[in-house]
Amino acid sequence: MKVLVIGSGGREHAIAWHARKDPRVTGLFIAPGNAGTAQLGTNLPIAANDLPGLLAWAEKERPDWTIVGPEEPLCLGVVDRFAEKGLAAFGPNQSAARLEGSKAFAKRLFLKHRLPTAAGAIFSDPLEAYAHSQKAPYPQVIKADGLAAGKGVVIAKNPDEAAKAIYRIMERRAFGDAGREVVIEECLTGPEISVLAVTDGKTYQLLPLAQDHKRVGDGDTGPNTGGMGAYAPARFLDEATRRRIEEEVLAPLLAALPKEGIDYKGILYAGLMLTPTGPQLLEINCRLGDPETQVILPLLETPLVDIAAAVARGELGSLELRFNDLSALGVVAAAPGYPEAPRLDGPIEGIDLPATGNRYVFHAGTGTKGGRTVTRGGRVATAVAWDRDLETARRHAYELVEGIGFAGKVFRRDIGARAQQKT
């Protein structure tokens, strides 16, 4: 079986790692991949957003499955383009991917179908956004509408911070066309949790619940990032909270999508906040999370291609998803200056040590230069360990990340520290 993985981050390295464990996979290709994926398969010099290039390669090589990692190619319609040529790709189509590609579209859907979410408003005129933000309660959350690699969200504590955020997003266009609209919401409080489900449009199955750590600094300080670490499963959730998430969020959301003409097949990732009044929807992502993927896939025993095939056939309900009983924790090592202005091209030591049975370093922003592995992206790698209990996994993950050496390395020291808190 020939498998193509689209993407170049830690998530895609984890997908390739999981696919390589399947003995049926005889050909593994990653476009464009990184220094880590090159050790598992063949990296292709095709960017993840180069749809013509991806399609040309796939038409020639005819992979049995293509697994799409990042959101950008999904939002550009890569699944639709592949389907037109009779090529199987795992991920939602372009219409469904609007849930991630446009926060305004998602917010309108949440409000229209009375899904639990923060009160908010949407603006395309900066002056109207300024006027609203100045009179709305603080703190408030200001979100760029489009894709911004997890960095287009600002929590403004006062009018000055709100005005600067709106100016940066809408007028200076720090995130390009992602700033054509903004969503301004009330700021909710409570622990965040990532709920990832697989759906074939008729039914869904949950992956292990994970908790991400978005801020760059310990204690959830500093700017938002794409994610500085995660652990799974999030065992602090009691059964009543799990039921509420399914009954009040997931089931109504999946019921609302067909009413909007959306045929959703693939991974549906709901970012939730567990507030004192119950779970609230923060966002929807249309793919596996990063760094959540790096801690979920070590727990998943069902091959990804079997999941993709069941979704494509509309037979997910008859597939048993198998997971082990372990806990996994991952710590992201980031380049100095991340997320605002990461300094790149520095040599990396200790990232390619032989992995043990329950430890692995998933590369993200890495490449090669002069025969050495170097930093090529803000998030450089995720050091992951999995074991019988979370504390052991946490200890091993931190031993692993400490062994990765590059100048100015940034990582949080409190990933999973709140795992035992009660909701």
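Here, every reference points to the structure presented above.
This is a predicted model, so every value here is computed, not measured. (Residues numbered from 1 in each chain as written. Predicted model: local features only at pLDDT ≥ 70, side-chain atom pairs only at ≥ 80, totals over all residues. Heavy atoms only, no water.)

Asks: Just to check I follow, could you spell out the sheet that holds strand β7 (residues 140-144) for this structure?
Replies: The strands making up a sheet associate through backbone hydrogen bonding, with each pair oriented either parallel or antiparallel. Strands sit in the order β6-β9-β7-β8 across an open sheet of 4 strands; the sheet is antiparallel. Of all strands in the sheet, those bounded by a partner on one side alone are β6 (120-123) and β8 (153-156). Across the sheet, the axes of successive neighbouring strands diverge by a mean angle of 20°, strand direction being ignored. Relative to strand β9 (residues 182-186), β7 runs antiparallel, the two sharing 5 bridges. Bridge pairing in β9 links I142 to I184. Lying over the sheet, helix α6 (residues 103-112) contacts β6, β7, β8 and β9, oriented at roughly 140° with respect to β6. (Pairing = 2+ DSSP bridges. Helix = DSSP H or I, 4+ residues; strand = E, 2+ residues; numbered from the N terminus. Axes fitted to C-alpha atoms, helices over the stretch in contact; angles between N-to-C directions. Contact = heavy atoms within 4.5 Å.)

Asks: I keep staring at the pairing of β7 and nothing clicks. Help me out?
Replies: Look at any regular strand and the pattern is simple: side chains alternate between the two faces of the sheet. Burial runs high along β7: 5 of the 5 residues are buried. Across the two faces of β7 the burial is the same, with Q140, I142 and A144 and V141 and K143 all buried. Pairing analysis gives 4 bridges linking β7 to β8, with the strands arranged antiparallel. Bridging from a neighbouring strand, K143 pairs with V153 of β8. (Buried < 20%, exposed > 50% of the residue type's maximum accessible area, 1.4 Å probe, protein only.)

Asks: Got a minute to help me understand the packing of helix α5 (residues 94-101) against α6 in this structure?
Replies: For any two helices packed against each other, one specifies the crossing angle of their axes together with the interaxial distance. Put simply, α5 and α6 touch, their axes get as near as 6 Å, and they point 95° apart. Judged on the interaxial angle alone, α6 and α5 are roughly perpendicular. Of α6, the residues touching α5 (which contributes R98, L99 and G101) are K103, F105, A106 and L109. Tallied by class, the residues present in the contact of α5 with α6 amount to 4 nonpolar, 1 polar and 2 charged. (Parallel < 35°, antiparallel > 145°, perpendicular 65-115°, else oblique. Nonpolar A, V, L, I, M, F, W, Y, C, P; charged D, E, K, R; others polar.)

Asks: Would you mind showing me how to read the layout of surface pockets here?
Replies: To find leftover empty space, one rolls a probe the size of a water molecule over the atoms. Its boundaries defined by the atoms lining it, the second largest pocket holds a volume of some 380 Å³. Residue lining of the second largest pocket: 16 residues in total, with V153, V154, R168, P223 and N224 positioned closest to the centre. Top contributing element to the lining of the second largest pocket by residue count: helix α8 (residues 159-171), with 4 residues. Across the lining of the second largest pocket, the residue classes break down as 7 nonpolar, 2 polar and 7 charged. (1 Å grid on protein atoms, 1.4 Å probe; cavity = no way out; pocket = protein on both sides within 12 Å on 5 of 7 lines; lining within 4 Å. Points joined across faces, edges and corners; volume = space filled by probe spheres on them.)

Asks: Quick question: what am I supposed to make of the pattern of salt bridges here?
Replies: It is possible for side chains bearing opposite charge to pair when their charged atoms get close. Per the counting criterion, the structure on display carries 24 salt bridges. A salt bridge links D306 to R24; the nearest nitrogen and oxygen atoms lie 2.9 Å apart. Taken together, the residues D306 in helix α11 (residues 304-313) and R24 in the loop between α1 (10-20) and β2 (27-32) connect sequence positions 282 residues apart. D306 sits in the partly exposed class, given a relative accessible area of 25%. (Salt bridge = Lys/Arg side-chain N within 4 Å of Asp/Glu carboxyl O.)

Asks: When you look at the environment of G367 in this model, what are you seeing that I'm missing?
Replies: Locating G367 in the fold gives a position in strand β20 (residues 366-369). On the basis of relative accessible area, G367 is assigned to the buried category, the value being 10%. When the C-alpha atoms of G367 and I348 are compared, they prove to be 9.8 Å apart, with 19 residues separating the residues in sequence. Residues within four places of G367 in sequence aside, it is in contact with A35, R372, T373, V374 and R376.

Asks: Where do I start with the packing of aromatic side chains in this structure?
Replies: Aromatic ring pairs are defined here through the distance separating the ring centres and the angle between the ring planes. Applying the stated criterion to the full structure yields 6 aromatic pairs. Measuring from ring centre to ring centre gives 5.1 Å for F29 and W57, while their planes differ by 55°; the resulting arrangement is tilted. Here W57 lies in helix α2 (residues 51-61) and F29 lies in strand β2, a separation of 28 residues in the sequence. The buried category is assigned to W57, whose relative accessible area is 14%. Taking the centre distance of 4.7 Å and the plane angle of 45° together, the rings of Y360 and F362 count as tilted. Here Y360 and F362 have matching classes, each one buried. (Phe/Tyr/Trp six-rings, centres within 6.5 Å; stacked < 30°, edge-to-face > 60°.)

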